[in-house]
Amino acid sequence: MLKSLCGFANPGSAVYSLRNQVAGRSEKQFFNYRNANRNFMLGRYYSSLTHVNESGKASMVDITAKPITSRTAHAQGKVMLGRDAFYAVKDNQVKKGDVLTVAQIAGIQAAKQTSNLIPFCHQVNLSKVELNFSLNEADHSVLVESKAVCDGKTGVEMEAIIAVSVAACTIYDMCKAINKGIEITDIFLISKYGGKGPYER
C-alpha cells in the first residue's frame, strides 16, 4: 500500500492514474499534483495508527478518557546457556554470584523503568511484578517467565516483556565469562487481561 502511495505503483494503481487526471499539464505540474494527493492519502493512513498522528508524526496515545481497570500481563523468554554455564547456574557456582536471584531483581527493576526505556509507554503504578525461572536440563536452558499487574488506564504488556528481557540479559552478563555464545530467544507475550479484552497466545 505504502509503495503505491509513494508513486512507485504499477499501471492501473490509484497514484499512476493521476497522470490521466493531469493530462496536458507539464511534468512539474504532474508531480506537484501527485505529491499533494499522496500526502493526503498518507495522512489518512497514518491517522489509523494509534502512535502516529495525521501528519505522520510520532505521538503518545491520549488515554485520558479510558476507564481504570485491573490489568495483568504474562511474558516469557528463553536463555540457551550451554552445558557448562547451565550447570554453573544450577549449582550456584558462577563467580559473580547467585545468577537467578540477581536476574529476578534486575527484571523487577526494569519493569518499573519501562516508561523511561520505551518512548511512548505511559507511566503505570505497578501493583506487582513477578519473575520465575525454570531450568531445563534437556537443552541446557533457563525459561524466564514474568507477570505484571496494575490498576490503570493502559496495559502492562511492555512491563512484562521488559522484565523478561532484562532478566535474560542479566543471566547472559553473569555467565558470559563461561560461554559468550549464550543465546536469548523466544521472548513474547503469553497473555494479557483487562482493558479492551483478553489476549492469549
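Let me sum up the structure you'll find in this document. (Residues numbered from 1 in each chain as written. Predicted model: local features only at pLDDT ≥ 70, side-chain atom pairs only at ≥ 80, totals over all residues. Heavy atoms only, no water.)

### Let's talk about the overall build of the chain
Put simply, the rule reads: Secondary structure counts use DSSP, requiring at least four H or I residues in a row for a helix and at least two E residues in a row for a strand, with both numbered from the N terminus. Accessibility here uses a 1.4 Å probe with only protein chains present; expressed as a share of the type maximum, an area under 20% marks a residue as buried, one over 50% as exposed, and anything in between as partly exposed. Only heavy atoms enter the contact rule, under which two residues are in contact if any of them lie within 4.5 Å. Reported accessibility uses the Shrake-Rupley method at a 1.4 Å probe radius. Residues are deemed covered only where the shown protein chains occlude them.
Helix and strand counts for the chain stand at 7 helices and 5 strands. Shown N-terminal to C-terminal, the secondary structure of the chain runs as helices and strands in the order α-α-α-β-α-α-α-β-β-α-β-β. Put simply, the chain has 201 residues, and 34% of those count as buried. For the chain, contacts bridging at least 24 residues in sequence account for 67% of all contacts bridging at least 6. For the chain, the accessible area works out to roughly 12000 Å², and carbon and sulfur atoms hold 52% of it.

### Quick look at the packing of aromatic side chains
Here is the rule: Two rings from Phe, Tyr or Trp (for Trp, the six-membered ring) form a pair when their centres are within 6.5 Å of each other. A pair whose planes differ by under 30 degrees is stacked, one over 60 is edge-to-face, and the rest are tilted. Two conditions define a charge sitting above a ring: the NZ of Lys or the CZ of Arg must be within 6 Å of the ring centre, and it must be within 35 degrees of the ring normal.
If you walk through the whole model with that rule in mind, you get 1 aromatic pair. Measuring from centroid to centroid gives 5.2 Å for Phe86 and Tyr87, while their planes differ by 85 degrees, and the two rings are edge-to-face. Owing to a relative accessible area of 1%, Phe86 belongs among the buried residues under this scheme. A cation over a ring is seen here: Arg201 above Phe188, with NZ or CZ 3.9 Å from the ring centre.

### A closer look at the environment of Thr69
Put simply, the rule reads: Polar contact is defined as a pair of N or O atoms within 3.5 Å, subject to the rule that within protein one atom must be able to donate a hydrogen and the other to accept it, and that residues adjacent in sequence are counted only when both atoms are side-chain atoms.
Tracing the backbone through its elements, the reader meets Thr69 in strand β1 (residues 69-80). It is 5.4 Å that separates the C-alpha atoms of Thr69 and Asp151, two residues lying 82 residues apart in sequence. Setting aside residues up to four positions removed in sequence, Thr69 forms contacts with Cys150, Asp151, Gly152, Gly194 and Gly195. For Thr69, the side chain forms a polar contact with the side chain of Arg71, separated by 3.3 Å.

### Some thoughts on unusual backbone geometry
Positive phi, close to 55 degrees, is recorded for Asn92, a residue that is not glycine. Take Asn92: it is sitting in the loop between α4 (83-90) and α5 (99-112). According to the relative accessible area criterion, Asn92 is partly exposed, its value standing at 42%.

### Let's talk about α4
The condition is simple: Along the arc lie the directions from the helix axis toward the C-beta atoms.
All buried positions along α4 are accounted for by Ala85, Phe86, Ala88 and Val89. Burial along α4 is one-sided: seen end-on, the buried residues are contained in an arc of 165 degrees. The exposed set on the far side of α4, more than 90 degrees from its buried face, consists of Arg83 and Asp84. Residues of α4 that are buried in the fold lie against α5, β2 (126-136), β3 (141-152) and α7 (157-175). Note on α4: the residue one or two positions beyond its end, Asn92, has a positive phi of about 55 degrees.

### Things to note about the pairing of β1
For a regular strand, side chains alternate in direction, first toward one face of the sheet and then toward the other. Stated formally: DSSP bridges decide pairing: two strands pair if at least two such bridges lie between them.
The pairing of β1 with β3 spans 12 bridges and is antiparallel. If you follow Ser70 over to β3, its bridge partner there is Asp151. Here β1 pairs with strand β4 (residues 183-193) via 8 bridges, running antiparallel. Among the inter-strand pairings, Gln76 is bridged to a residue of β4, identified as Phe188.

### Quick notes on the pattern of salt bridges
Short version of the rule: We define a salt bridge as a side-chain nitrogen of Lys or Arg found within 4 Å of a carboxyl oxygen belonging to Asp or Glu.
Enumeration according to the criterion identifies 5 salt bridges in this entry. Put simply, Glu130 and Lys128 hold a salt bridge, and the shortest N to O gap is 2.9 Å. A relative accessible area of 38% means that Lys128 is categorised as partly exposed.

### Quick look at α7
Formally: Helix span, expected: 1.5 Å multiplied by one less than the number of residues in the helix.
An ideal rise of 1.5 Å per residue puts 27 Å on 19 residues; α7 measures up with 28 Å between its terminal C-alpha atoms. Buried within α7 are the following residues: Glu159, Ala160, Ile162, Ala163, Val164, Ser165, Ala167, Ala168, Thr170, Ile171, Met174 and Cys175.

### Regarding the nonpolar core
The line we're drawing: Definition used in this section: a nonpolar core is a set of buried Ala, Val, Leu, Ile, Met, Phe, Trp, Tyr and Cys residues joined via side-chain atoms within 4.5 Å.
Membership of the largest hydrophobic core comes to 32 residues, with the highest contact counts inside it found for Leu81, Phe133, Val144, Ile171 and Cys175. When residues of this core are traced back to their parent elements, those giving at least two are β1, α4, α5, β2, β3 and α7. A total of 8 residues in this core trace back to one element, the largest contributor, which is α7. Setting aside chain neighbours within four positions, we find Cys175 in contact with Leu81, Ala85, Val89, Val94, Val99 and Ile182.

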